[in-house]
Amino acid sequence: MTDFEKLGVFYLGRTVDPETKQGGELLLYDSKDLVTHAVCVGMTGSGKTGLCIDLLEEAAIDHIPSIVIDPKGDIANLLLTFPDLRPEDFAPWINPEDAQRKGVSPAEFAAQQAKLWTEGLAKWGQDGDRIRRLRDSAEFTVYTPGSSAGRPVSILKSFGAPSAELAEDREEMRDRVNGTATALLSLVGIDADPVQSREHILLATILDTAWREGKDLDLAALVQQVQTPPVTRIGVLDIEAFYPSKDRFKLAMALNNLLASPGFEVWLEGDALDAGALLYTPEGKPRVSIFSIAHLSDAERMFFVSLLLNQVLSWMRAQPGTTSLRAMLYMDEIFGYFPPVANPPSKKPLLTLLKQARAFGVGVVLATQNPVDLDYKGLANCGTWFIGRLQTDRDKQRVLDGLEGAALGQGGKFDRAAMEKTLAGLGNRVFLLNNVHDDRPELFETRWALSYLRGPMTRSQIKQLMEGRTAPAEAKTISKPVAKGSAKPVIPPDIDERFVPVRGSASGAVYEPVILGAASVRFVDTKKGVDESRDVAYIAPVTDGAVAVNWEEAAEAEFALDELETTPGEAAGFADLPSAAAQAKNYKTFQRDFANWLYGAESYDLYRSPSTGETSQPGESERDFRLRLQQVAREQRDLAVEKLRQQYATKMRPLEDRLFRAKQAVEREKQQASSQTINTVLNVGMSVLGSIFGGSRRSSSVTKVISGARSAGRAYEQQKDVDRAEDSVERLEEQVKALQTDLQGQIDALSAAGDPMTEQFETISVKPKKTNISVKLVGLVWKV
């Protein structure tokens, strides 16, 4: 079997002859083609899910990260990878009902599945080593928003202020505000029109006002601002005339009930809904983040999908442009999220991604078994179509409409009748690949999946699957002394005293004292091109020891300075305050020590790649630097491979032409040699007959014998011409083979180049001058 571990290609299966239905060459899909997006359609049982899992597996093996939206629970099968292919690995994940239907025990059925997968992989040139390679290439995580079955995910970031660049783009900002408001209202059962609905206009105004000021929001703040809006007028109307407080209270109650509902706290815990962190680990390893939403209600699904898509859009717009595939967004069963007529909150960001993601190297893949529910005008932006067996003629006609639109949108031609005939003959696991980057459509059979396809997974199975997997790293915290919850101590008025807000009710909460230090630190090094300022805030424990505040024990503040309040939460208690923290004169010492500690502790670090000589940019983390180098390396690799192929194609064409002419010469010489041999045999035969019968023919026969001998000599010479022609063919074939071997060797050498993800970087540190450290605040802070 041909080697399918190629640079920048996905091994998806084997081509199928439309007439004979026999398998042919391996189908290797160019990953760069995916930046023009793809759609996969096929009825239940067509093999659509298996094909899409194959696509995600190949992307992971090629170190391409993915964000996956899984409404049915099928894609979590990507975590069922068993390199050793042992029956006991399959046993926990089989369907007992399947074993019962086959009349075997669960253990026997698990053994059958292990054997089935072993033989299936072997048939397609795969084995346990390739499964192990898949597992090692990326980190696979199943998220369950609104549930703790898998990894929980927090939606708080979705209400955070967008980047300054996005806020300056009026159209993009409007889309983000409207999408968030519509999604939130849908969660409380309000189908809001962005133009006519008072609820939508008010929420959009609150979000827009806060975000344009760079302020984050959460649901609690949103509830408060619904009751007390940050504006006095909407349009030309006073806020009370536009939306009276009595009516606003009903909306506030609906949102508050959502916030207070049992189990809603799960929506606020877990990993942040940050597209960059969902695509790469802190170390820069690609991730496949699967969002299983089968357990959610329809309103909750729409709410979450809309928020996630908007986060992906924000992340994407912050990336540099590229022509290579950077990341994938895959959504299974797109039914209801991209309809042809209605405009749910998910449609606008999906349409924007299909139109704009190509420039950023983000490939969008959408799948459905209901073709009639898709907006095919929007899908005209998809350059690749994977089409499986369809259920009705109506489905086929809608798919043909989409294919025709995609072809015309890409400037190509479309034969509707031929395509309709092809679609009518599709079988299970056989798909039609229509790629605008290829000369013609291709039938193919999907390869065997590396993952065990056991079907949709329940929440309990996802919980079992995620047990023991790495949890998100916890933020650095300060050890808390045991508190008794006494009354608030009396503090001198010249001590700056602040309070960290208490989430939820303050009843039973105990405040503990820490010393807050905030400063601006400037780093200047003209030779290294560094002139950066950093605002820092640290909190340190305070004690009654000889050194009341040891800044070496400080940790970064978990809050922004403008979040601090001047009054404590009601019904909260207080821990004992060390006497050193109650004396105003000590704060000058705390401030001086803080500045001295910053002078030694703070540095502005840059990273340098010894292999490339590249240095990280100011503000660029090590992970982002590695990702940038990796993207540059990938782009250079793709360009180098393409250049090599073009160079060798120039050398190969003359050789192939000469080889073709040499083969024609062999055929001519063979024909001439064959004719000469026949003439020689006839001449000699006639001479022999003449000598036998005697008479006057005897002397003539002698002459013919002599002529036959001469003819035989010519035949011998003619055969030597054949041999020489064949030698020429053999030499040319060896030259062609040598060129092909040389090309593959140079491509392999490119793939063996150093990996920026594992290279040991040098660290270049810029230290601040004491005069460039400006302490803004050193004060007492109470935190829970």
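Values in this document were obtained by computation on a predicted structure and should not be read as measured data. (Residues numbered from 1 in each chain as written. Predicted model: local features only at pLDDT ≥ 70, side-chain atom pairs only at ≥ 80, totals over all residues. Heavy atoms only, no water.)

## A closer look at the packing of helix α7 (residues 170-187) against helix α8 (residues 198-212)
1) Next: Where α7 meets α8, the closest approach of the two axes is 9 Å, and the angle between their N-to-C directions is 130°. With respect to α8, the element α7 is oriented oblique. With respect to the hand of their crossing, α7 and α8 are arranged in right-handed fashion. Residues Met173, Arg176, Val177, Asn178, Thr180, Ala181, Thr182, Leu184 and Leu185 of α7 form the contact with α8, whose own contacting residues are Glu199, His200, Leu203, Ala204, Leu207, Asp208, Trp211 and Arg212.
2) Next: The residue inventory of the contact of α7 with α8, partitioned by class, reads nine nonpolar, four polar and four charged. (Axes fitted to C-alpha atoms, helices over the stretch in contact; angles between N-to-C directions. Helix = DSSP H or I, 4+ residues; strand = E, 2+ residues; numbered from the N terminus. Parallel < 35°, antiparallel > 145°, perpendicular 65-115°, else oblique. Left-handed = near helix turned anticlockwise from the far one by under 90°. Contact = heavy atoms within 4.5 Å. Nonpolar A, V, L, I, M, F, W, Y, C, P; charged D, E, K, R; others polar.)

## A word on the pairing of strand β18 (residues 530-541)
Two faces belong to every sheet, and in a regular strand the side chains alternate between them.
1) Next: Pairing geometry for strand β17 (residues 510-525) and β18, over 12 bridges, is antiparallel. Paired with Ser520 across the bridge in β18 is Asp535.
2) Next: Where β17 folds back onto β18 in an antiparallel hairpin, the turn is made up of four residues, including Gly529, whose phi is positive at roughly 70°.
3) Next: Note that β18 and strand β19 (residues 555-556) share two bridges and pair antiparallel. Of the residues in β19, the one forming a bridge with Tyr538 is Glu556. (Pairing = 2+ DSSP bridges.)

## Things to note about the pattern of salt bridges
1) Next: This model, assessed by the stated rule, comprises 35 salt bridges.
2) Next: One salt bridge connects Glu5 with Arg130, and the closest N-O pair in it is separated by 2.5 Å. Here Glu5 is found in the segment before β1 (9-16), whereas its partner Arg130 is found in helix α5 (residues 128-137), with 125 residues between them in sequence.
3) Next: Since its relative accessible area comes to 31%, Glu5 is described here as partly exposed. (Salt bridge = Lys/Arg side-chain N within 4 Å of Asp/Glu carboxyl O. Buried < 20%, exposed > 50% of the residue type's maximum accessible area, 1.4 Å probe, protein only.)

## Topic: the packing of aromatic side chains
1) Next: If you walk through the whole model with that rule in mind, you get 26 aromatic pairs.
2) Next: Consider the rings of Trp117 and Trp448, whose centres lie 5.1 Å apart with planes at 75°: the pair is edge-to-face. You can see Trp117 sitting in helix α4 (residues 106-123) and its partner Trp448 sitting in the loop between β15 (442-446) and α17 (459-466), a full 331 residues away along the chain. The same class applies to Trp117 and to Trp448, which are both buried.
3) Next: Between Phe594 and Trp597, the aromatic rings sit 6.3 Å apart at their centres with planes inclined by 25°, giving stacked as the arrangement. Remark: Trp597 and Phe594 occur in helix α18 (residues 586-601); sequence separation between them is three residues, near one turn of the helix. (Phe/Tyr/Trp six-rings, centres within 6.5 Å; stacked < 30°, edge-to-face > 60°.)

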